[in-house]
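Next come the chains, spelled out residue by residue.
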Amino acid sequence: MSQPLIGAPLDRVEGPLKVRGEAKYTIDISVDDMLHAVVVPSTIARGRIVEIDDAAARGAAGVVAVMTHHNAPRVNQARETPHDTNLFLLQRDAIEFDRQPVALVIATSFEAATYGASLVRARYEPEPPEMQLDSAPRYVPEDIFGEPAKHRRGDPARALANAPVAVHQTYRTPTEHHNPIETHNTVAQWRNGDLTLHDSSQWAFGVRRRIAAVFGIDPERVRVIVPYVGGAFGSKGTMWSHVALTAMAAKLVDRPVKLVVTRAQMFGWIGHRPQTEQRISVGSERDGRLVAVTHDVLSETSLHDEFVEACGVFSRDLYAVPNYAMSHALPRLNISKPTYQRSPGESTGSFALESALDELSYELGLDPLELRLRNYAQRDPNSGKPYSSKHLRECYVQAAQRFDWSRRTPQVRATRRDGMLVGLGMATSSRSTFRSAASVRVQQHEDGRVVIGCGTIEQGCGSPTVYAQLAAEILEIPYERVQFEFGDTRLPAAPLAAGSQTSGSVGSAIVVAATQLRERLARNGGRVPPGGISFEIEEKPEEEEPYATQGFGAGFVEVEVDPDLGEVRVVRYVGAFDSGRILNAKTARSQFVGGVVWGISMALFEKTRYDRRNGRVMNADLAEYLVPTNADIPNPEIIMIEEDDPHINPAHVKGIGEVSITGAAAAIANAVYHATGVRVRELPITPEKLLT
Amino acid sequence: MLTAPNTTETTIVLNVNGAEHPVAVEPRVTLLDALRDRLGLTGTKKGCDHGQCGACTVMVNGRRIDSCLTLAMMHEGDRIVTIEGIAAEGALHPVQAAFIKHDGFQCGYCTPGQIVSAVALLAEGVAAERGAVQKAMSGNLCRCGCYPHIVDAILEVRGER
């Protein structure tokens, strides 16, 4: 083959389906005899239901049933493992957070169910909710994703006390809701005790395991089908309560039921990125070499579940710092369980550390880029292992050059253009890379067509395209001859499609499988045997990897700030990322751009606002919970530093869906400081914070 | 106490994508839900049901509107065009082709609304510069962050006209 397929900027194979509106999402699924269910959410955040009056709802036209804690099927709603999620399945009268489900109205149409839901009257005995991060009862988790929640190397307290220059600051990031445009939704259908679910999910196999536990049935009796997923960003990685409620409703009425979570309900039992408060100290020599960093994190969690926003991981693993300590503590609030959102921990943690380093650079009178270069880690400072690959230096150099960083002058509030204050800022990006076991089935038909099956899901990352490219290049056939099947627990098992791990996991399995297929064909004289070939393999990482695996990057930002109105516009963004092997330059760029857009959004717009007196969300819609519009976003310039990383995994890839959000909010905050002289340490950077 | 809604179904005729579709609807049924749940035209998406995201954008008599903010019964006699009617069967509208070429989508969920909005925008005759297109497309939210590529696609089609 003349042109290599891997890396080629091919159009998405599912493109025609998506642009014609023919791609099916769960929300587009209808099955025969299907009823519609709508959740009635609580209007208090803490207390109990005293009485629930559903008589009017039951009498409304089209309503088939109302499910409350009085008549709901008895199921297991408690979690089975510490990292599982407790569900809220109408088993009890207790209310623990705003918009907890208190009833489900099942009717012949969406309209009838919606009207019926408006007629259900719950009377509550409310209690004052616990909503204050700094005063709520807190505890220290035992671990964060299997690693220690506390970590120390050297003697950071002593090193800080002796450091010639130090910055001690506190940074805050707010609660953020993912708000994919396809809200969570489920269709449930029972047949002779077997359950079929269509679900908008990042993990068909996770849903199958959890729903089987809820009903106490063998997972083999559950089939989970995940059509195209209309956005997720972490929010669909956990099976939330409505999935089980839909299946319970289908059982109660003995008919298939569809439940679509409304936009306002997305702020209820669906997880969110937790708010954090991060105390950071950085100490350095006069020349900028860091002697110590400490990073102490508070991140909210719910009353009975644990989620840690692992902010400390970013500062633990990035720079060559001899003395370091991090800690995480979790205040328990009357909120639903927080969850991972695009680059959990490292997006929020990078805002704190990369802001603090910018502050240090002004204390030192040192260029912020030079400060980073002076603390460049040649080995993973946490484990001491060599990196499987690291081209962060090239990221700095190439992005700085493209951006023309050398034009920056250190004075703040010193540059104006057309009446606007102009500022430049930068920050480092970093995201740990990992993978999990994944299985694939490969079939080659006699006519040469190859079908690869894996029960992973498609949420816009380009899986069907890039996996066809990977397999076709190994098999030396046109990529159009490779078809990728996904989204069904009847296919081989795939891990959670999150944490930027899918290409490293599923892609690696495909490399191994395609290589085996090529060898089998070679042994058969290059011919497909009669009846074709079909086999399944599992590929998994080593127990102990000899290398540290991490993706890096650097973001350079130019902002304009209106001195009278405090409005911030990002007018230029240059990001360079070391990304392992790029499988498709077109879809990869889209993922990097997407991460930058999320970074801009985190910096300037997103915040779930609670009335902390009663625990209720005040901006539960897309008019008041701000996400960026087209006009808010510049055209980011993305530089992909290609690297061949044979150590990281058989596909030679690093995850690319998350790294570009890390550092972005700090780079923008740093540019805003340069433009205005105002240091914003609490996101988002809203106009009133700049009007001094 | 709310007054009970009128739940009597009336059969109306909707002109969608050039064809007449008789459909029985209650007065409370939105155009969006009539298209999706009654006519099976699921290309038009529901994202917020409040006119805030633009996923449900369709053209009514050549104007782009949020189909979640209007009732089906109000549109007898109107010309309604959805994503399914943007191009001839089997063909791609130039905007659809440009969205593929420029990767103007990732998950694809907001895409039908973006494309219908873009097709209507080109007919509206918006200015050729990037910023003007961005403002004119700001009623359609994309959460995957494809905005720059959406603008690239629209500018290319506009340039060819």
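Our structure is the block above this text.
A. A look at the pairing of strand E1 (residues 10-16) of chain B. Residue and element names in this part refer to chain B. Note: E1 against strand E2 (residues 19-25), seven bridges, orientation antiparallel. Bridge pairing in E2 links asparagine 15 to glutamate 20. Between the antiparallel neighbours E1 and E2 lie two residues, among them asparagine 17 with a positive phi of about 55°. Pairing between E1 and strand E5 (residues 79-81): two bridges, direction parallel. Paired with valine 16 across the strands is isoleucine 80, a residue of E5.

B. Expanded view of the interface of chain B and chain A. Opposite the 49 residues of chain B that make contact, chain A presents 47 residues. Here the side of chain B that touches chain A takes five residues from helix H5 (residues 147-160) of chain B, the largest share from any one element. The residue makeup of the side of chain B that touches chain A, split by class, is 23 nonpolar, 15 polar and 11 charged.

C. Up close: the sheet that holds strand E25 (residues 550-561) of chain A. Residue and element names in this part refer to chain A. Pairing is mixed across the open sheet formed by five strands, whose spatial order is E19-E20-E25-E26-E29. Looking at which strands have only one partner, the edges of the open sheet turn out to be strand E19 (416-417) and strand E29 (637-641). Pairing geometry for E19 and strand E20 (residues 420-432), over two bridges, is antiparallel. In the strand pairing of E20, arginine 416 is matched with leucine 421. Across the face of the sheet, helix H14 (residues 664-676) comes into contact with E20, E25 and strand E26 (568-578) while running at roughly 155° to E20.

D. Structural view of helix H5 (residues 204-215) of chain A. Residue and element names in this part refer to chain A. Spanning 12 residues, H5 covers 17 Å between terminal C-alpha atoms, matching the ideal 16 Å at 1.5 Å per step. Most of H5 is tucked away, with nine of its 12 residues classed as buried. All of the buried residues along H5 are Ala204, Phe205, Gly206, Val207, Arg208, Arg210, Ile211, Ala213 and Val214. Those residues of H5 hidden inside the fold are in contact with strand E13 (194-199), strand E14 (222-225) and helix H6 (241-253).

Thresholds, definitions, all that
- Residues numbered from 1 in each chain as written.
- Chains lettered and ligands numbered in written order.
- Predicted model: local features only at pLDDT ≥ 70, side-chain atom pairs only at ≥ 80, totals over all residues.
- Pairing = 2+ DSSP bridges.
- Helix = DSSP H or I, 4+ residues; strand = E, 2+ residues; numbered from the N terminus.
- Contact = placed C-beta atoms within 7 Å.
- Nonpolar A, V, L, I, M, F, W, Y, C, P; charged D, E, K, R; others polar.
- Axes fitted to C-alpha atoms, helices over the stretch in contact; angles between N-to-C directions.
- Expected span 1.5 Å × (residues − 1).
- Buried ≥ 20, exposed ≤ 12 C-beta atoms within 10 Å, placed from the backbone.

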